[in-house]
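Below, each chain spelled out in residue letters.
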Amino acid sequence: MTPFIYKQLTQALARTLGTPQYLILFLSDFCWMKCRHCWFNEDWKTANLGKPTLTFDEIEKLAHSMKRVLFLSLTGGEAFTRPDLVEIVKVFSRETKMSRYQIPTSGFKTDLIISKTGQMLKNHPEIPFRVDVSLDGTEAIHEKIRSVAGGHRRALDTIRALNGLKRHHRNFDVGVITTVSHDNQHEIPQIGRLVESVNPNGEWMVNIVRGAVRDPNAHNVEIDSYLAAHKLIRDRVESGAYRGHSGHATASWLSAKNATRRKIIRKRLEGRCRGGGCAAGSLGGVIYSDGTVQACEMLDQSLGNLRDYDCDLAALWNSPAADKVRRWIQDTRCQCTQECFLSISMLIQPQHWPDIIAERLRLARGAAVRPTAAH
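Residues numbered from 1 in each chain as written. Predicted model: local features only at pLDDT ≥ 70, side-chain atom pairs only at ≥ 80, totals over all residues. Heavy atoms only, no water.

Draft legend 1. The arrangement of the packing of helix α5 (residues 110–123) against helix α7 (residues 151–166) in detail. In the contact formed by α5 and α7, the axes pass within 9 Å of each other and the chain directions differ by 20 degrees. The angle between α5 and α7 places the two elements in the roughly parallel class. The element α5 and its partner α7 pack so that their crossing is right-handed. Of the residues in α7, those touching α5 at T110, I113, I114, T117, G118 and L121 are R154, D157, T158, A161, L162 and L165. Tallied by class, the residues present in the contact of α5 with α7 amount to 6 nonpolar, 4 polar and 2 charged. (Axes fitted to C-alpha atoms, helices over the stretch in contact; angles between N-to-C directions. Helix = DSSP H or I, 4+ residues; strand = E, 2+ residues; numbered from the N terminus. Parallel < 35°, antiparallel > 145°, perpendicular 65-115°, else oblique. Left-handed = near helix turned anticlockwise from the far one by under 90°. Contact = heavy atoms within 4.5 Å. Nonpolar A, V, L, I, M, F, W, Y, C, P; charged D, E, K, R; others polar.)

Draft legend 2. Layout of the sheet that holds strand β2 (residues 71–75). On the basis of which strands lie adjacent, the open sheet formed by 9 strands has the order β6-β5-β4-β3-β2-β1-β7-β8-β9 and mixed pairing. Single-partner strands in this sheet number two, and they are β6 (204–208) and β9 (302–305). Mean inter-strand twist for the sheet, computed between neighbouring axes without regard to direction, equals 20 degrees. Packed on one face of the sheet, helix α4 (residues 85–96) meets β1 (22–26), β2 and β3 (101–105) and runs near 160 degrees to β2. Contacts from helix α8 (residues 188–198) reach β5 (172–180) and β6, with the element oriented near 150 degrees to β6. (Pairing = 2+ DSSP bridges.)

Right under this line is the structure:
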């Protein structure tokens with residue numbers, strides 16, 4: 001479809017839905033880690049965050065301004081460092097008809113993470129919920145990347161403890177996220193075996209370093225290293241040893257979508273993919289801890305600050321400033337490797353739908369042979 005058609009479509013989606021259905025909400029600036037591949041670093045925060053962190057009352061107003069959110073990602077920094085995290089989830093559940101939510105974490109504070117996760121599962125037993133733990137290599141490489149001693153062991157402890165909760169909550173899922181960077185690109189097979197041993201029944205999401213990161217050398221990644229992870233996951237699917245996402249009815253479709261997304265990222269890294277049709281600013285958006293709203297993490301343009309709209313996201317989302325950013329995204333055929341926004345964009349890009357269906361069938365075939373593989 002042409003930029004003109006996508007401009008009409010994304011504008012219509014923003015007007016009809018009122019607020020983003022895929023929302024990344026930064027609850028904290030603080031993080032236990034100092035990752036070399038992280039764009040949410042001291043330089044970025046100094047340049048971009050000019051106001052105090054949103055209070056609980058302001059977040060409650062934000063939630064009240066949204067009729068529905070299909071997917072809420074609570075992040076930071078570390079979302080688990082917010083003392084009111086459990087109450088924030090309650091607010092979104094009550095105010096927005098929240099369909100699904102997720103929290104990424106370094107897994108460094110196992111007891112804190114398990115305690116708060118258990119409370120949220122108890123409070124919302126029917127809402128699909130996933131915690132994703134970062135695992136960036138074997139012990140030496142993981143701790144070199146994250147600059148915190150003991151982080152690797154604690155991440156593994158957290159993954160195991162979360163899987164213990166998973167056995168008692170059918171709405172809960174545990175994922176592992178690996179960011180491929182210069183430091184760990186040659187450890188992909190070892191990371192794959194480690195993930196398979198510690199999280200055999202969950203999703204392994206492989207991201208590639210992006211943005212103005214703490215260590216610019218992190219961007220020196222060979223494409224074949226990223227593709228090696230893709231092949232490992234694909235081989236596990238075809239052998240029947242991989243289930244992927246779980247915890248809700250559309251979980252297998254998400255795993256199929258992720259497989260297709262990896263192919264798109266490969267094409268973009270190789271310069272074989274034309275941009276356009278991004279749903280950032282229409283289906284999805286980002287709110288930083290100081291109330292700044294953006295269409296995507298990878299864009300500098302701000303749509304405005306929630307505090308200037310009395311925390312009414314619907315009013316901000318349909319403002320002239322937001323319209324301008326949406327038009328710019330389509331006019332420039334904006335493209336990147338940001339996995340979250342690639343996912344929602346695929347929903348309005350029909351050229352990718354056949355591939356998603358084919359990957360879903362591949363997962364189904366893998367499931368059919370799984371008992372034999374296990375034997």
